[in-house]
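Examining the three-dimensional arrangement
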Amino acid sequence: MKSSNIYERFSQTFRQHPSLSRFLVVFAVSGGGLVAYSEGNILSSSPKIDELPEAGNKKKRVVVLGTGWAGTSFLKNLKNSSYDVQVVSPRNYFAFTPLLPSVTVGTVEARSVVEPIRNIVKKKNVNVNFLEAECYKIDAKNKKVYCRSTQDEKEEFIVDYDYLVVAMGARVNTFNTPGVEENCLYLKEVEDALKIRRSVIDCFEKASLPNVSEDERKRMLQFVVVGGGPTGVEFAAELHDFVSEDLVRLYPAVKDFVKISLLEATDHILNMFDKRITAFAEEKFHRDGIDLRTGSMVVKVTDKEISTKEIKTGKISSIPYGMAVWSTGIATRPVVMDFMKQIGQANRRVLATDEWLRVEGTNSIYALGDCATINQRKVMEDISSIFKKADKDNSGTLTVKEFQEALDDICDRYPQVQLYLKNKKMSNLVDLLKESKGDVAKESIALNVEEFKSALSQVDSQMKNLPATAQVAAQQGSYLADCFNRMDECEKHPEGPLRFRESGRHRFRPFRYKHLGQFAPLGGEQTAAQLPGDWVSIGHSTQWLWYSVYASKQVSWRTRSLVVSDWMRRFIFGRDSSQI
């Protein structure tokens, strides 16, 4: 009896004081590997979630649509108590999506990668009200969002806002391929991962029945993955490990019928990675017996076959399958498309924002994550204004000294300038001016407006859209929260670059994405990593780096401990093959 009371008191202490969990350090040592951890921000303020604003409350209302990487990062980093926050999302949790391929095969359990939103924000010194609903319309003119309950579709309501943060993510892009929606599985949500997990086991169970023909067994155990990006490649690798390490021992009678195929429309998989990683991944998949078909575009999917066309020859062929997973990119959600029509962006594929993440054509709506892209302003659009602002003595020519004084603001406002110099291996803008004027002394360089335009004419060619990744979304959410935290302060004392077309400075510095590297798990306890500085690492040691980073990036100590324990359980007992 006493031991039970001690246990209950111990458990309650940890739940009521999450900061105690910082003393839990998990080591996983193998070849010098160490599972790293990071401490989350824990505030001692009293819980204020679901407190509705009082009548006459003058606090600005911020409505956040979505609880993915962007929305959750914004909520975690928002500290200004002068806002009332309304969160609207069809799911009441945040999911660590990079581990979804591991969930599909039982390497990690689904509950280990999700954290309830209420847990994340309950200790914040900000009023937060969560509504489990789906936004189906945004009325920018009247500052309203129309929502529908996920529990009862007939229950609809309207939420007013002063600021709107659109972080709704994106949907799967089927490219209007016939039969995809009816017959393929996706890998974007936790529910998708669980469906795949059940489907894999179902295929093995059906193939093990006594009256099934050999041809039918081959079809049932043919697993097809469409899409050679990071998600498709990681899932194919996880599935291969699951089959070769666990299922062949449980289903020995059908193990010889298993086949995994990966289809990619371009010439190579992992196109966004370094060529060394791409070559290693393709070679490893061939060694592992994964049927890698590059240059094959899916044109039709039925309930039992996938039809593909070879890009080079145009030849049509069919692949029988038992399960097909579609992982070929993202598309805009219907509610965002409707909103884009309202604000005159109907001709775009995704919502366009400025460099401060504010939706173009609006004053109080921000968009971040997969549903939006930053429309970086071109230097050549403002070239005359830049020249005029830099030419302080109005001489009609720009000297090195005048150029240097405007250098920081130009690079801050137009990051493509700095990227252009880096690619050209130029140390600064003076080198760019010298290139346009020839080999002359630095002090003698003086450009008129036409020569200045000529010098910067190729700069805008370096502009690139940011990738739709969790890393980008998380950084955008953190950046926007920081802007909201300092909104009043920066209104009085702007800290951003010069306004070249107007007077004064911008309130904030523009958002700048900092690439921290990317991983590509390839199965067999081998991972490829492309890290800053063009550093490429491939092999077993990189797998331990992957474990370390993904453990430390979990949103809470609860999920961190669950994920690490799942990895340890898999090492000891193998993956679970139940259909639950």
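One can find the structure itself at the top, above this paragraph.
Keep in mind it's a predicted model, so treat the numbers as computed, not measured.

About the cut-offs
- Residues numbered from 1 in each chain as written.
- Predicted model: local features only at pLDDT ≥ 70, side-chain atom pairs only at ≥ 80, totals over all residues.
- Heavy atoms only, no water.
- Pairing = 2+ DSSP bridges.
- Helix = DSSP H or I, 4+ residues; strand = E, 2+ residues; numbered from the N terminus.
- Axes fitted to C-alpha atoms, helices over the stretch in contact; angles between N-to-C directions.
- Patch = residues over 30% accessible without salt bridge, like charges linked within 9 Å, V, L, I, M, F, W, Y side chains within 5 Å.
- Areas by Shrake-Rupley, 256 points an atom, 1.4 Å probe, with all protein chains shown as cover.
- Salt bridge = Lys/Arg side-chain N within 4 Å of Asp/Glu carboxyl O.
- Buried < 20%, exposed > 50% of the residue type's maximum accessible area, 1.4 Å probe, protein only.
- Core = buried A, V, L, I, M, F, W, Y, C linked by side-chain atoms within 4.5 Å.
- Contact = heavy atoms within 4.5 Å.
- Parallel < 35°, antiparallel > 145°, perpendicular 65-115°, else oblique.
- Nonpolar A, V, L, I, M, F, W, Y, C, P; charged D, E, K, R; others polar.
- Phe/Tyr/Trp six-rings, centres within 6.5 Å; stacked < 30°, edge-to-face > 60°.
- Lys NZ or Arg CZ within 6 Å of the ring centre and 35° of its normal.
- 1 Å grid on protein atoms, 1.4 Å probe; cavity = no way out; pocket = protein on both sides within 12 Å on 5 of 7 lines; lining within 4 Å.
- Points joined across faces, edges and corners; volume = space filled by probe spheres on them.
- Right-handed = clockwise from strand over helix to strand, strands pointing away.

Brief notes about the sheet that holds strand S1 (residues 60–65)
On the basis of which strands lie adjacent, the open sheet formed by 7 strands has the order S7-S6-S5-S2-S1-S8-S20 and mixed pairing. Lying at the two open borders of the sheet, with one neighbouring strand each, are strand S7 (156–160) and strand S20 (365–367). The average undirected angle you get between the axes of adjacent strands in this sheet is 35°.

What about a nonpolar patch on the surface?
Among the surface-exposed residues, Phe 571, Ile 572 and Phe 573 lie close enough to one another that they form a single nonpolar patch of about 390 Å² accessible area. Topologically, Ile 572 is positioned in helix H19 (residues 557–573). You can call Ile 572 exposed: its relative accessible area is 62%.

Overview of the pairing of S7
Pairing between strand S6 (residues 144–149) and S7: 5 bridges, direction antiparallel. By the bridge assignment, Lys 144 is partnered in S7 with Asp 160. The hairpin turn running from S6 into S7, its antiparallel successor, is 6 residues long.

As for the nonpolar core
Core analysis: the largest hydrophobic core is formed by 64 residues, its most contacted members being Val 200, Phe 204, Leu 270 and Trp 567. If we skip the residues at most four places from it in the chain, Phe 204 touches Leu 221, Phe 223, Val 243, Leu 247, Tyr 251, Val 254 and Val 258. Ranked by size, the runner-up nonpolar core spans 35 residues in total, among them Phe 94, Trp 356, Met 487 and Phe 511.

Brief notes about the packing of helix H18 (residues 540–552) against H19
The contact between H18 and H19 brings their axes to 8 Å, and the two run at 150°. Classified by the interaxial angle, the pair formed by H18 and H19 is roughly antiparallel. Across the interface between the two elements, Trp 546, Tyr 547, Tyr 550, Ala 551 and Ser 552 from H18 touch Arg 560, Val 564, Trp 567, Arg 570 and Phe 571 from H19. Residue composition of the contact of H18 with H19, by class: 7 nonpolar, 1 polar and 2 charged.

Description of the packing of aromatic side chains
According to the stated counting rule, one finds 22 aromatic pairs in the structure shown. Seen in terms of ring centroids, Trp 544 and Phe 571 are 6.4 Å apart; in terms of plane orientation they differ by 5°. Their pairing is stacked. With Trp 544 in helix H18 and Phe 571 in helix H19, the pair connects residues that are 27 residues apart, well separated along the chain. Accessibility expressed as a relative area gives 18% for Trp 544, which makes it buried. For Phe 571, a relative accessible area of 44% gives the class partly exposed. Plain terms: the ring middles of Tyr 547 and Phe 571 are 6.3 Å apart, the flat faces sit at 65° to each other, and that makes the pair edge-to-face. Of this pair, Tyr 547 sits in helix H18 while Phe 571 sits in helix H19, and the two are 24 residues apart along the sequence. Three or more aromatic residues joined by ring pairs make a cluster, and in this case those are Trp 69, Phe 94, Phe 96, Phe 519, Trp 544, Trp 546, Tyr 547, Tyr 550, Trp 567 and Phe 571. Positioned above the aromatic ring of Trp 557, the side-chain terminus of Arg 560 is 4.6 Å from the ring centre. The ring of Phe 571 is capped by Arg 570, whose NZ or CZ atom sits 4.6 Å from the centre of that ring.

Here's the deal with the sheet that holds strand S13 (residues 291–294)
Spatial strand order, S10-S17-S11-S12-S13: 5 strands in an open sheet with parallel pairing. Of all strands in the sheet, those bounded by a partner on one side alone are strand S10 (185–186) and S13. Where strand S12 (residues 259–264) and S13 come together, 4 bridges link them in parallel fashion. Note that in S13 the partner of Glu 264 across the bridge is Thr 294.

Details of empty space enclosed by the protein
On inspection of all chains with the given rule, the structure shows 3 cavities of 30 Å³ or more. The space that makes up the largest cavity amounts to roughly 140 Å³. Lining of the largest cavity is provided by 19 residues; of these, Glu 238, Asp 241, Glu 525, Gln 543 and Arg 570 occupy positions nearest its centre. For the lining of the largest cavity, the secondary structure elements donating two or more residues are helix H8 (230–250), strand S24 (518–523), strand S25 (526–531), H18 and H19. The leading source of residues in the lining of the largest cavity is H8, at 4 residues. Tallied by class, the residues present in the lining of the largest cavity amount to 6 nonpolar, 7 polar and 6 charged.

Points about the pairing of S12
For S12, the tally of buried residues reaches 5 of 6 residues, placing the bulk of the element in the interior. Where strand S11 (residues 222–226) lies against S12, 5 bridges are found, and the strand directions are parallel. Of the residues in S12, the one forming a bridge with Val 226 is Leu 263. A crossover connection joins S11 to the parallel S12 through H8; in handedness this β-α-β unit is right-handed. Viewed along the sheet, the connection from S12 through helix H9 (residues 275–288) into S13 turns out right-handed.

The values are spatial; any link to function lies outside them.
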